[in-house]
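The lines below spell out each chain.
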Amino acid sequence: MTTRKKPAGAEPPADPAAHAVRPEPIRMGPVRGTGAQSNESDLKSDADGRTEGPLNAISEDVAQAVRVGYEVFTENLRRGREAANAFSQGEYSLGQVPQDAGQTLNELGRLLKQLTDSSFDIVYRLAELLSTLKPPPPGQSSVPPFRSGSGDGAARSGPAAQALAVAVRFTPSGAGRALTSSLTRPRAQTSPAEIKASPLAPREGGAPSLTEVAIDFDIASGGLTATVSVPQGQAPGVYSGAVWAATQDMPLGVLAIELAQ
Amino acid sequence: MDGQPIKVAVIGGGCAAMAAVWELSRPEHGGRFDITVYQEGWRLGGKGASGRGSSGRIEEHGLHIWLGFYDNAFRMMRECHSELEAAGLGDIFGDWRDAWTEENSVALFSVAERGGFERWDTHMPLRAGLPGDPLPAGEVFSVTYYMGRAFDLFRTLLLDTTVEGRGHFDPAGETADFSDSVRDLARLGRFAGVAALAEAVGLVASLLRGVGPTPAAGLTALAEQACEGLRAWLETRWLADDRRRFMWEVADLALATMVGVIRFGLLTDPRGLDAIDDYECREFLRLNGASVRALQSPFLRGLFDLSMGYAGGDDNRPMLSAGQGLRGTLRTFFGYRGAFMWRMRAGMGDVVFAPLYTALKRRGVKFEFFHRLTNVGLSPARPPGDPSRDWVTSLTFDVQARPASGEAYSPLMEVSGRPCWSSRPDFTQLEDGERMAAEGWDLESHWDRRRAAERTLTVGKDFDFVALTVGVGAVPHVCREILARDERWRRMTQDVKTVASQAFQIWLTEDLDSLGWQGPAYITGAFAKPFDTWCDMAHVVPEEAWAKRPRTSVYFCAVLPDPPEPPRDDDKDYPARRAEEVRRNARAFLEGPIRAAWTGAYDAHGRFRWEILAAGDGGGGEGPCGPERFDTQYWRANVNPSDRYVIHTPGDFRSRISPLDMAYDNLTVAGDWTDSGFSSGCVEGAVMSGLLAASALSGSPRLEDIIAYDHP
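Asks: What is the right way to read the overall build of chain A from this model?
Replies: On a plain count of helices and strands, chain A comes out with 3 helices and 11 strands. Taken from N to C terminus, the helices and strands of chain A fall in the order β-β-α-α-α-β-β-β-β-β-β-β-β-β. By residue count, 36% of the 261 residues in chain A fall in the buried class. Long-range contacts, defined here as pairs at least 24 residues apart, represent 56% of the contacts in chain A between residues at least 6 apart. Working note: accessible area of chain A is about 14,500 Å², and carbon and sulfur atoms make up 54% of it.

Asks: Sorry if this is basic, but what is going on with the pairing of strand S22 (residues 552-560) of chain B here?
Replies: Working note: regular strand, side chains alternate between the two faces of the sheet. Residues and elements named next belong to chain B. Counting buried positions along S22 gives 9 out of 9 residues, so the element sits mostly inside the fold. Here strand S19 (residues 498-508) runs beside S22; their pairing, made up of 9 bridges, is antiparallel. The residue of S22 that forms the bridge with Trp507 is Ser553. Alignment of strand S21 (residues 533-536) against S22, held across 4 bridges, turns out to be antiparallel. Bridge pairing in S22 places Cys535 opposite Tyr555.

Asks: In this structure, what is going on with the side chain of B:Arg43? I would like to understand it.
Replies: All names here are of chain B. Counting through the fold element by element, Arg43 comes out in the loop between strand S2 (33-38) and strand S3 (50-52). What makes Arg43 buried here is its relative accessible area of 4%. Within the local environment of Arg43, its side chain forms a polar contact with the backbone oxygen of Ser50, the two atoms lying 3.4 Å apart. Polar contacts involving the side chain of Arg43 include one to the side chain of Glu444, which spans 2.8 Å. Among residues more than four places away in sequence, those in contact with Arg43 are Ala49, Ser50, Gly51, His61, Phe369, Trp421, Ser422, Ser423, Glu444 and Arg636.

Asks: I keep staring at the sheet that holds strand S25 (residues 667-669) of chain B and nothing clicks. Help me out?
Replies: Two pairing modes exist for strands in a sheet, parallel and antiparallel, and in both the strands are linked by backbone hydrogen bonds. Residue and element names in this part refer to chain B. One open sheet accounts for 5 strands, arranged S12-S2-S1-S18-S25; its pairing is parallel. Whereas interior strands pair on both sides, the edge strands pair on one side only; in this sheet they are strand S12 (366-368) and S25. Neighbour to neighbour, the strand axes of the sheet diverge by 20° on average, direction disregarded. Where S2 lies against S12, 3 bridges are found, and the strand directions are parallel. Considered in S12, the bridge of Thr36 is made with Lys366.

Asks: How should I be thinking about the packing of helix H2 (residues 71-86) of chain B against helix H19 (residues 683-698) of chain B in this particular structure?
Replies: Helix packing for two helices is described by the angle between their axes and how far apart those axes are. Residue and element names in this part refer to chain B. Packing of H2 against H19 leaves a shortest axis separation of 7 Å and a crossing angle of 70°. Here H2 is positioned roughly perpendicular relative to H19, judged by the angle of their axes. Only Val683, Glu684, Val687, Met688 and Leu691 of H19 make contact with H2, whose side of the interface consists of Asp71, Asn72, Ala73, Arg75 and Met76. Split by residue class, the contact of H2 with H19 holds 6 nonpolar, 1 polar and 3 charged.

Asks: Please clarify how the packing of aromatic side chains should be interpreted in this entry.
Replies: What describes a pair of aromatic rings is the distance from one ring centre to the other and the angle between the planes of the rings. Residues and elements named next belong to chain B. In this structure the tally under the stated criterion is 44 aromatic pairs over all chains. When the ring of Trp489 is compared with that of Tyr664, the centres are 6.1 Å apart and the planes differ by 85°; the resulting orientation is edge-to-face. Pair noted here: Trp489 is in helix H17 (residues 487-495) and Tyr664 is in the loop between strand S24 (645-646) and S25, with a separation of 175 residues, a long-range link. Across the pair, Tyr664 and Trp489 agree in class, each one buried. One aromatic cluster is present, built from ring pairs that chain together Phe504, Trp517, Phe527, Phe531, Trp534, Phe556, Phe589, Trp598, Phe630 and Trp635.

Asks: What is the right way to read helix H13 (residues 348-362) of chain B from this model?
Replies: In an α-helix, one turn spans 3.6 residues, which is why side chains three or four residues apart end up on the same side. All names here are of chain B. With 15 residues, H13 should reach 21 Å at 1.5 Å per residue; the first-to-last C-alpha distance of 21 Å fits that figure. Its axis deflected by about 25° at Ala354, H13 carries its strongest bend there, up to four residues before the proline Pro355. Judged by how many residues are buried, H13 sits mostly within the fold: 13 of 15 residues are covered. A positive backbone phi angle near 100° is found at Gly364, which sits one or two residues after H13.

Asks: Which parts of the structure should I look at to understand the nonpolar core?
Replies: Taken as a class, soluble globular proteins show a tendency for nonpolar side chains to be buried jointly. Residues and elements named next belong to chain B. Of all hydrophobic cores here, the largest spans 137 residues; its most connected members are Trp66, Trp100 and Val352. Sorting elements by how many residues they give to this core places H19 first, with 10 residues. When neighbours within four sequence positions are excluded, Trp66 is seen to be in contact with Ala73, Phe74, Met77, Trp100, Met341, Trp342, Met344, Met348, Val352 and Val683. Of all hydrophobic cores here, the second largest spans 35 residues; its members include Phe504, Trp517, Ile612 and Leu613.

Asks: What's the story with the sheet that holds strand S17 (residues 453-458) of chain B in this structure? I'm lost.
Replies: All names here are of chain B. Pairing is antiparallel across the open sheet formed by 3 strands, whose spatial order is S13-S14-S17. Each edge of the open sheet carries a strand with a single partner, namely strand S13 (371-378) and S17. Within this sheet the neighbouring strands show an average axis-to-axis angle of 20°, counted without direction.

Asks: How should I be thinking about the pairing of strand S3 (residues 163-171) of chain A in this particular structure?
Replies: All names here are of chain A. Burial along S3 is one-sided: the face carrying Leu164, Val166, Val168 and Phe170 is buried and the face carrying Ala163, Ala165, Ala167, Arg169 and Thr171 is not. Both S3 and strand S9 (residues 223-229) contribute to a ladder of 6 bridges, which runs parallel. Along S9, the bridge assignment pairs Phe170 with Val228.

Asks: For this particular structure, what's the right way to read the domain arrangement of chain B?
Replies: Quite often, the size of an interface is put as the accessible area lost when its parts meet. Residue and element names in this part refer to chain B. Segmenting chain B into domains produces domain 1 (6-97 + 345-496 + 657-705), domain 2 (142-334) and domain 3 (499-638). Contact with domain 1, which involves 8 residues of that partner, is made by 5 residues of domain 2. Area buried by domain 1 at its contact with domain 2 is led by Leu67, Phe69 and Phe678, which between them contribute 64% of it. Inspection of the domain 1/domain 2 interface yields 0 salt bridges. Remark: the boundary between domain 1 and domain 2 carries 2 residue pairs in polar contact (both at pLDDT 80 or more).

Asks: It is not clear to me how the confidence of the model for chain A should be interpreted in this structure. Could you clarify?
Replies: Low pLDDT marks regions whose predicted coordinates should not be analysed in detail. Residues and elements named next belong to chain A. Per-residue pLDDT for chain A averages 70, and the proportion of residues at 70 or more is 48%. In the model, residues 4-14 has pLDDT below 50 throughout and makes 34 contacts with residues more than four positions away in sequence or in other chains. Low pLDDT, under 50, characterises residues 150-161; the predicted model gives this stretch 25 contacts beyond four residues in sequence or across chains.

Asks: So what exactly am I meant to see when it comes to the environment of B:Leu285 here?
Replies: Residue and element names in this part refer to chain B. By secondary structure assignment, the location of Leu285 is in helix H9 (residues 281-287). Among the residues examined, Leu285 registers a relative accessible area of 6% and is labelled buried. Separated by 189 residues in sequence, Leu285 and Trp96 have C-alpha atoms that sit 39 Å apart. The residues contacting Leu285, other than those within four sequence positions of it, are Leu253, Ala256, Thr257, Ala290, Leu295 and Leu300.

Asks: Can you walk me through the packing of helix H1 (residues 15-24) of chain B against H2(B) in this structure?
Replies: Residues and elements named next belong to chain B. It is at 11 Å that the axes of H1 and H2 come closest, and there the two elements cross at 55°. In terms of their interaxial angle, H1 and H2 are classed as oblique. Here H1 runs over H2; the crossing is left-handed. Packed against H1, whose contacting residues are Met18, Ala19 and Trp22, the element H2 presents Met76, Glu79, Cys80 and Glu83 at the interface.

Asks: Would you take a moment to explain the state of the cysteines for this structure?
Replies: Here a disulfide denotes one covalent bond, and it connects the sulfur atoms of two cysteines. Residues and elements named next belong to chain B. The tally for this structure, following the rule as stated, stands at 0 disulfides over all chains. Note on Cys80: no disulfide assigned, nearest cysteine sulfur contributed by Cys15 at a separation of 12 Å. Here Cys557 is not cross-linked by a disulfide; its sulfur's nearest cysteine counterpart is in Cys535, at 9.1 Å. When its relative accessible area of 8% is taken as the criterion, Cys557 is described as buried.

Asks: It is not clear to me how unusual backbone geometry should be interpreted in this structure. Could you clarify?
Replies: Excluding glycine, most residues fall at negative phi; most peptide bonds, likewise, are trans. Here the amide bond leading from A:Thr171 into A:Pro172 is cis, since omega sits at -5°, within 30 degrees of zero. As for its placement among the helices and strands, A:Pro172 is situated in the loop between S3 and strand S4 (176-178). Omega for the peptide link from B:Lys529 to B:Pro530 comes to 0°, which places this bond in the cis form. By the element assignment, B:Pro530 lies in the loop between strand S20 (523-525) and S21. Phi is positive for B:Ser55, close to 60°, though the residue is something other than glycine. For B:Ser55, the position within the fold is in the loop between S3 and strand S4 (58-60). When its relative accessible area of 13% is taken as the criterion, B:Ser55 is described as buried. One non-glycine residue, B:Met308, lies in the positive phi region at around 50°. Summarising the element assignment, B:Met308 is placed in the loop between helix H11 (298-307) and helix H12 (322-334).

The rules behind the values
Residues numbered from 1 in each chain as written. Chains lettered and ligands numbered in written order. Predicted model: local features only at pLDDT ≥ 70, side-chain atom pairs only at ≥ 80, totals over all residues. Heavy atoms only, no water. Helix = DSSP H or I, 4+ residues; strand = E, 2+ residues; numbered from the N terminus. Buried < 20%, exposed > 50% of the residue type's maximum accessible area, 1.4 Å probe, protein only. Contact = heavy atoms within 4.5 Å. Areas by Shrake-Rupley, 256 points an atom, 1.4 Å probe, with all protein chains shown as cover. Pairing = 2+ DSSP bridges. Polar contact = N/O pair within 3.5 Å; in protein donor to acceptor, adjacent residues only side chain to side chain. Axes fitted to C-alpha atoms, helices over the stretch in contact; angles between N-to-C directions. Parallel < 35°, antiparallel > 145°, perpendicular 65-115°, else oblique. Nonpolar A, V, L, I, M, F, W, Y, C, P; charged D, E, K, R; others polar. Phe/Tyr/Trp six-rings, centres within 6.5 Å; stacked < 30°, edge-to-face > 60°. Expected span 1.5 Å × (residues − 1). Bend = angle between axes of the 7 residues up to and from the residue. Core = buried A, V, L, I, M, F, W, Y, C linked by side-chain atoms within 4.5 Å. Domains from an automatic or database assignment. Buried area = accessible area lost by both parts, 1.4 Å probe. Salt bridge = Lys/Arg side-chain N within 4 Å of Asp/Glu carboxyl O. pLDDT = per-residue confidence, 0-100. Left-handed = near helix turned anticlockwise from the far one by under 90°. Disulfide = S-S within 2.5 Å.

What follows is the structure, given as structure tokens:
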């Protein structure tokens, strides 16, 4: 510590400018760059002696990924053949099955990890190759916020929060138009395969129902898609049918469409 | 030194202050510093303060998790416990391993695309060493080191993550159906190949986007189409199986991070991760190929929730800077020692601040409670061109209350044989205490300015050095002279953002297992808003003093959105209004979203069973019925300027002032809002800052001895 005119801890200074002064720091901030320079190539070890440029390295990594991929299948086949041979020669005991199964899985697991590493390698090389391009400045790329989570179906408030969008497609396309745009969200967790539509019956007249309605999940919109197959010669008019989730007794709503003339 | 000790005034009593005082009062200094801590209200702890309420209940500011990379904080606490043990107080405070226990389980929720929530359980592996151990010889922090660890993490997640209780892949042969395992492996291989291809094409697309609008437009569109096609393939063929989605999202984020590290040259950039700190974290990941799906993943949302990274407390404005975000993530996942997290045995006040207070008192540190700083007086303005520096000439306080006896206020109470802080001041120790209690003085409220007296300390007489450790939100209120004179301080208070937070605690007569929650996860993140983060705290209940002990307690916390206009200083009812808002939020949360996790907490009509809340000392049937029973529980709105949680936003690292800064001859700063080397709102950031403040005043500790200060 240094002081101006008066040491710290003494009686009140007569001179108001007298005060204790902190020692000068050796440095003012962290050293951010240490430890990186000496071993920057460690991430992608060159233990195999590769010194080629990124393009060659990518080729090698792709080749390695393919090679390991083949190894996975070859290993699988080899073990299968070995077991089959042993079995046909009467040398295989059923008691060996659990042990063999475990070994096979372990081996396949190891190979798959290699495959994953190879996949990473490819991405790494690609990034390295393209790292010379200047990135866009901050604030230029928009990213949507997190999906809001207010809880389960019962916890949501308001009709909009309960709605599940449904987009209707027709085969052949343009065969009709949708009269339904949303359904009620299932109360419990439900997979798309558990959602079915009843045959769409005509509102009037004796036309046969539309029996082929495929329900799927649309990741982009977060809703459902319903694909309605319209047989040739189907009578025009309004058709409707209930949409059911296997997880509940109450239908999710009614799917209504109108076929054009 | 002339033999007289240097008088140090430490303003504030949170983690940063305690770390600074701990260093300055070390016996190695030989009494060189005469330290006084000036603390508003009746307790130490700052944002980490806790108190004991009725039935000895632990009442926290929020939910405090000590992560396994808090090396500096743990080192301090380990030393503290050793010192108390050596002083014969080990029976009271115990070993540090009694105070913290290991925890490696995390549960994350994601909003299911088909409604409701999906739960993801992850178990982090134990790692060598213990937090606070000296770093192994030769170990340095580098981006290269972390990238290598990223592969290990991926494998851990691959092997150890379970969704709804089912694992992904079990190579040890424990899976019941062998054909299922083989099928899993085959799909895994296909996944790895297509995932890599999707990442690669996605990367090309994102890079082309960055080249410029015209020449590459066609190529960009092509690449984006190809990428979308691949992702769609993955999502329909692979991710339709929910068990795979978590892995895919984490892999996507890990790959985007690695791509960013390479693309931005972070392996060698002397600025370290500050080189990307002008980017928002999710923007940075997106730029480097992360899918929108991954950017909305529970993994990422859990990190944002834990960091309260929402501008203005608005859920729709996730906002964390990329550099510090990545630094925090790398430290969290790859820098921990022993366990991933460490649970405190009791309240943070009991486990951290009571031992520190006791040990520091023994070292001769003085504590002046009920001192609220109102002004930092500066030396006269210097003429232009004068190269000398300003210095602090005075410190003015509102003395909120005075001990009746004339002796120092005794702040600790005993609960179950342990020294603890109280949730309320002990008015019986205070002059006019009875009247203050009757009038409802709130000695921690920024808006309650009642006081017993004013006191001014003078430089050279009452102090030589000052360590200012109040929260950054309080700085504009207590450093008006500095802000009026110093553009850097003004910029710091404008640019370093804080958010208000809300928290509530409930005590239950049934454990979570019987309510349908499948443990053993400790902390649960990315859950429903507004209380996205909550924690089963059954382990602290035995430390409380119930006549009939509840089965568990659960703590909830989250950001609290700011009003469009900040409250005026004379808006005395503001804290009460916000607290009432928290009470309503908490009740609604129990009536609604928690249903997804605690199905057994509801009756046949779907109503929350309020009777499971433990009320009264008996913890049983006494107390109100129905929703009003919630009023027997605990909640709070952390809206005081000094209580607001510090977040790191793009570019704010430039505005943070280091404790080492020499703008003022006799002043240093400390807190998680400073440039501490780890600029994040957490215990470790605050402790590192306190160590820097001690170093600024004494030259000790050496900067090299502050673990991970020199970090990319």
